[in-house]
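Summary of the model geometry
What follows is each chain in one-letter form.
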Amino acid sequence: MLCFEMRLVQRFRKEKQTEESTSRDRSKSVCVSNFRNKSPRDVSALKLIHRRASSAFSTASDLISRRGVFSRRYYGSVEQLQQPEVDGHEHCRRFRIENGDSPGEKDEMFGSPSTPVLENPEYQTRWYFKYFLGKLHQNYIGVDNDKSPFFLSIVMNEDNNSLVPLYRAILFRKCGAHKISLPIPQNKVLTVKQILSNFPNMDKVEKGPKEIFTPDIQKDLLLLEEQEGSVNFKFGVIYMKQGQNSDDEMLSNEHGSNKFEQFLTLLGDRVRLKGWDKYRGGLDTKGDMTGKYSVYTVYEGHEIMFHVSTLLPYSRDNRQQVERKRHIGNDIVNIVFIDMEEDDQNETAHAQFNPTCIKSQFTHIFAAVSVSSNGHYRLSVFSDEAVPLFGPGLPCPPMFSDPYAFREFLLVKLINGEKATFETPTFARKRQRTLEMLIKDLHSEHVTDARITMLNRRAFSDVLAETPRHSRLKEDSRQIEFVRIGQALKLEAIVRGDAPTSLASTGAAGTVFKRSPWEANCFYPVFPSHPIACGDSWGENRLVVATEDGTFVVEDGTSHRQIFDKSLQVRQLNVVEPHGIILLRAGSAHKDCKIYVFRLSQIEMTTEIFTRIDVKEHRMERTRGAHLYSISRAGGARLRMCVAIGRKLLMFQWKHSAAWTAWCPASDTDTVEGFSFFWELNLSEQPSILTILDNVWSPISPTHGDILVCVGYKNHWDVVNGRSGQAQHLYTVEGTRTHLVAALDLYEDQEIQLMLCYNHTCHFQKLNETINCEAMNFDFHWNSAPTDIVCAFPYIIAFTSNTMEIRLVVNGNLIHTMSMPKLQLITSKNDIFFATTAPEFFPNKTDRLYVDIRQQGLQKVSPPSSPNASPEVKPLRIYRIPIHALSRAPHPDHSRTCSPPVWKSADSKLAVPDQPRVSRSASSSPVPPVRARLQPAAIK
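Computed from a prediction, not measured in an experiment: that's the story for all the values here.

As a further point, take the overall build of the protein. A count of helical and extended segments in the protein gives 18 helices and 48 strands. Across the 940 residues in the protein, those meeting the buried criterion constitute 55%. By element, 50% of the accessible surface of the protein is carried by carbon and sulfur atoms, the whole surface being about 41200 Å².

This is the structure:
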């Protein structure tokens, strides 16, 4: 591999020299000893032991330990398998085995996370190709504090869907490309230094980067981005007969059975190799040296060539079939088709299959496939221990009755598996060495190049929002040439087939348009455009939403009704349905805020609009000046509420349990008097985040009666036990620019794991792990700094003011990104509700939306105006993402009916189309009943 890296660098240098010759113009558990035995107790004298907030390579075993419940229940167990003896030595290799077996509570807790979605899709991760190449942008070169060179690219663009102006920046370093997007402040242009400081450990760079003006830098940066991995893939396919247990026997099968041929037909199209002009996957396309035919397909823009064992050259005299092994043994992922005569032998064959019988140190993933006589496919996946976890998780049992659904699942699993393999320590180190050599070579070339100072020498300059209107023809001609060369490079990559430009798929005639799990339904088309301060769901079809003009109940199917007027400024609220109450933190300013408790029945039955004067008897004592509160997890044994007043914490508990209320609902009619005061303590500083942790065992909570609170301050988190008088330091964020976002509690049996989110980063921290667990750290980074985080297994979703970014919890891989103006999360207690500007009122949007009708060309559809909206008002639209769609759990209340649901208002009725037929996504508009129904569509 090292020789390959050297050849790559030498070839790159040679190309550059050729081009220049032809054109010269060119905490110790801060276990605080003890709290003082006085009330309120003081925990201000905490000795903090800092932990470095950094991201590093982690082994897969660390990740599995890190993920706990997610890895063991969904992504297989790790088992050590014996390899045959080689040169008298017995080798051991550990594999993670996924066979669909899981605890019985799997579907009860989360549902099957088997939705096949590509992780880190290239059309969303290849930023330089998508957003920079062929457009006017700026490129910089510099050296960080470790004396390692880096390249920085910055562009200002507007998203095509919602016209949200953003800065996009890519930092190329030896450890890979780091991407962020930043909103553009009004009436202000950010400097390069300000943008650079948003990257981890780059806020104290001593020497400022210098701008590179030569257009040829685009080819260099495109080469750096391509080191992330290939857009196209090659997978091996091995035919295995019953009783075969070595690779020599499997590769000696000259022909396959009818079942195997049907499986190949399902995978893709059989193509003639001679004269083949598309992706060839290393096969010979001139002289039939690697066989006459192969199997090829395209899935979501990825070209895939299969190295089929029975189609590669066969030699009767060569028992080891070296020619076949040369290709299949060098594939990272192999499919092993197990051909069994009896259906009841399939499960046994999967259980007995040993991937170590195939002697290849390069192959890391084996997908064992078999098919029954009735056409049902069974799948098991064997991954080398070093391969990080990847999805989708196998269903339980791992049987597929629909062959096309199986094909899609298998292809997505294989693609994600190969991408995950490149994150193993072996591949990661090799890639890092290659990147380091390339970046050093490029740095030395551009630093010594006189062209870097040929025009302006801008360092820490303003990022250009648009082409400067200079009269200097030389600068204008440079920019024109810069864009022209970038567009030519982009076209060349597309023609070469190495560009993520299409979502097309082939080879699956039975594939139908599928709805994405995160696709949102329109819950309420027209809500006044007042900023939403907070909100919570109430039952299946109601929301309680607080704005500057008052608090409203919004009901799907009717209209919004005001319950509190603007004199009561609600800043935080929670609907607690198990106890029939609603909690409010309200006041004209934070120092005047108090906690109020109301019965839901009181709000439901009255049409009266409450004022500030009407709610005095609902005010809780001791809560004046509350700037923050948090309640315990829904479904817990007891409802608890922690209130922060400056540096003071107060804990309250509802006197009835949820079980008692369920048995005697008529007896639980309390409001303020239902809460009992527990304890009070003083903190070292004012908290910004509170999360109540369910009472489980920990070093600072040895009894189950203790109540733990995760407290976020300015730049660190602690866990506080108010009853026992102990505290534990959790995590400290290093750096001058720190913004804590959230602390989410995840549970594995009786063990707490916290997801600590700050700036662009999410960090997983087990509550009970020792301080010396640096190897188990697992951080992942968002492209945009979030304002809210939602964990909806298997996904984690980050909300910003204009984007929604979806990743996988288990490995942090990017799944999807959506852009919407004035985006705001309302609640995620059950389903996920968010608000955004109605699509027809997007800024600078034309009066027509483009609807991509699949297989029918491009049509223009004029959206109807939102009802009850004047031209001066730009209302918000409220959307819902059903939680059962994300987790794929069955939901009894969302069954299909004969007539579509209808949104009613005083002026019009908007029929909601059948969900599988028309996309009601966050970028679509309401469709009136008089309009003819469209065929399956994707709104652009």
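Right, let's get into helix H15 (residues 473-496). With 24 residues, H15 extends 34 Å from end C-alpha to end C-alpha; this agrees with the ideal 34 Å at 1.5 Å per step. Where the residues of H15 are buried, they touch helix H6 (127-132), strand S4 (138-143) and helix H8 (217-226). A positive backbone phi angle near 85 degrees is found at Gly 497, which sits one or two residues after H15.

Counting residues in hydrophobic clusters, the biggest one holds 40 residues, and the most contacted among them are Phe 263, Phe 306 and Leu 379. If you list the elements that add at least two residues to this core, you get strand S9 (233-241), helix H10 (258-267), strand S11 (293-299), strand S12 (302-308), strand S13 (333-339), strand S14 (365-371), strand S15 (377-384) and helix H13 (403-421). Those residues in contact with Leu 379 that lie beyond four places of it in its chain are His 350, Ala 367, Ala 368, Val 369, Leu 394, Pro 398, Phe 400, Phe 406, Phe 409 and Leu 410.

Looking now at the confidence of the model for the protein. With 71% of its residues at a pLDDT of 70 or more, the protein has an overall mean of 75. In the predicted structure, residues 103-113 sits below a pLDDT of 50 and forms 27 contacts with residues beyond four places in sequence or in another chain.

Attention now moves to the sheet that holds strand S37 (residues 788-792). With respect to topology, four strands assemble into an open sheet ordered S37-S38-S39-S40, the strand pairing being antiparallel. Edge positions in the open sheet fall to S37 and strand S40 (814-819), since each of these has one partner strand only. Between one strand axis and the next, the sheet turns through 15 degrees on average, direction left out of account. Of the strand pairs in this sheet, strand S39 (residues 803-808) and S40 are connected by five bridges, and their pairing is antiparallel. In the sheet register, Met 804 faces S40, and the bridge partner there is Met 818.

Another point: the pattern of salt bridges. Summed over the entire model, instances satisfying the criterion amount to 27 salt bridges. Here Glu 228 and Lys 179 are joined by a salt bridge, their closest N and O atoms 3.6 Å apart. Of this pair, Glu 228 sits in the loop between H8 and S9 while Lys 179 sits in strand S7 (residues 176-183), placing them 49 residues apart in sequence. Owing to a relative accessible area of 30%, Glu 228 belongs among the partly exposed residues under this scheme. In this structure, Glu 577 engages Lys 829 in a salt bridge whose closest nitrogen and oxygen atoms are separated by 2.9 Å. A residue pair is termed long-range when its members are at least 10 positions apart, and Glu 577 in the loop between strand S22 (570-576) and strand S23 (581-586) and Lys 829 in the loop between strand S41 (824-827) and strand S42 (832-837) qualify at 252 residues.

Before going further, it helps to examine the sheet that holds strand S17 (residues 521-527). Pairing within the open sheet is antiparallel, and its four strands lie in the order S17-S45-S42-S41. Strand pairing shows two members of the sheet lacking a second neighbour, S17 and S41, which therefore form its edges. Direction aside, neighbouring strands of the sheet carry axes that sit 25 degrees apart on average. Note that S41 and S42 share three bridges and pair antiparallel. Pairing of Thr 827 across the sheet is with Phe 833, part of S42.

This next bit is on the pairing of strand S32 (residues 726-732). Burial analysis of S32 places six of its seven residues in the buried class, which makes it a mostly covered element. As paired elements, strand S31 (residues 716-721) and S32 share six bridges and run antiparallel to each other. Bridge pairing in S32 links His 716 to Thr 732. If you look at the hairpin formed by S31 and S32, you'll find four residues sitting between the two strands, and Gly 725 has a positive phi there, around 80 degrees.

This part takes up unusual backbone geometry. Along the chain, Gly 391 connects to Pro 392 via a cis peptide bond; the corresponding omega equals 0 degrees. By secondary structure assignment, the location of Pro 392 is in the loop between S15 and strand S16 (399-400). Of note, the amide linkage connecting Phe 793 to Pro 794 takes the cis form, showing an omega dihedral of 10 degrees. Along the chain, Pro 794 falls in the loop between S37 and strand S38 (795-799).

Each turn of an α-helix holds 3.6 residues, which means side chains three or four residues apart point in the same direction. For H8, a buried count of eight out of ten residues is recorded, marking the element as mostly surrounded by other parts of the structure. Along H8, the residues classified as buried are Ile 217, Gln 218, Asp 220, Leu 221, Leu 222, Leu 223, Leu 224 and Glu 225.

Right, let's get into the environment of Ser 684. Turning to its location among the elements, Ser 684 is positioned in the loop between strand S28 (675-682) and strand S29 (689-693). The spatial distance from the C-alpha of Ser 684 to the C-alpha of Arg 647 is 6.9 Å, given a sequence separation of 37 residues.

Below, the discussion takes up the packing of aromatic side chains. Under the defined criterion, the tally for this structure stands at 32 aromatic pairs. With 4.9 Å between their ring centres and 45 degrees between their planes, Tyr 239 and Phe 260 make a pair best called tilted. A residue pair is termed long-range when its members are at least 10 positions apart, and Tyr 239 in strand S9 and Phe 260 in helix H10 qualify at 21 residues. This pair shows no difference in class: Tyr 239 is buried, exactly as Phe 260 is.

About the cut-offs
- Once a new chain begins, its residue numbering starts again from 1 and follows that chain's sequence as written.
- With the structure being a predicted model, the display of local features is reserved for residues of pLDDT at least 70 and the display and counting of side-chain atom pairs for 80 or more, all residues being used for whole-chain, interface and lining totals.
- Only hydrogens and water are set aside; all other atoms, that is, all heavy atoms of the structure, feed into the side-chain values.
- Strands are runs of DSSP state E lasting at least 2 residues, helices are runs of H or I lasting at least 4, and numbering of each runs from the N terminus.
- Working definition: with a 1.4 Å probe on protein chains only, accessible area under 20% of the residue-type maximum means buried, over 50% means exposed, and in between means partly exposed.
- Using the Shrake-Rupley algorithm and a 1.4 Å probe, accessible areas are obtained, with residue cover drawn only from the displayed protein chains.
- Residue count minus one, scaled by 1.5 Å, sets the expected span of a helix.
- Between two residues, a contact is recorded if the distance between any of their heavy atoms is within 4.5 Å.
- Throughout this description, the term nonpolar core refers to a set of buried Ala, Val, Leu, Ile, Met, Phe, Trp, Tyr and Cys residues connected via side-chain atoms within 4.5 Å.
- Residue-level confidence of the predictor is what pLDDT reports, using numbers from 0 through 100.
- For two strands to be treated as a pair, DSSP must find no fewer than two bridges joining them.
- Orientation is described by axes fitted as lines to C-alpha atoms, over the contacting stretch for helices, and by angles from 0 to 180 degrees between their N-to-C directions.
- What makes a salt bridge here is a side-chain nitrogen of Lys or Arg within 4 Å of a carboxyl oxygen of Asp or Glu, nothing more.
- Centre distance within 6.5 Å is the pairing criterion for rings of Phe, Tyr and Trp, where only the six-membered ring of Trp is used; planes under 30 degrees apart are then read as stacked, over 60 as edge-to-face, and the remainder as tilted.

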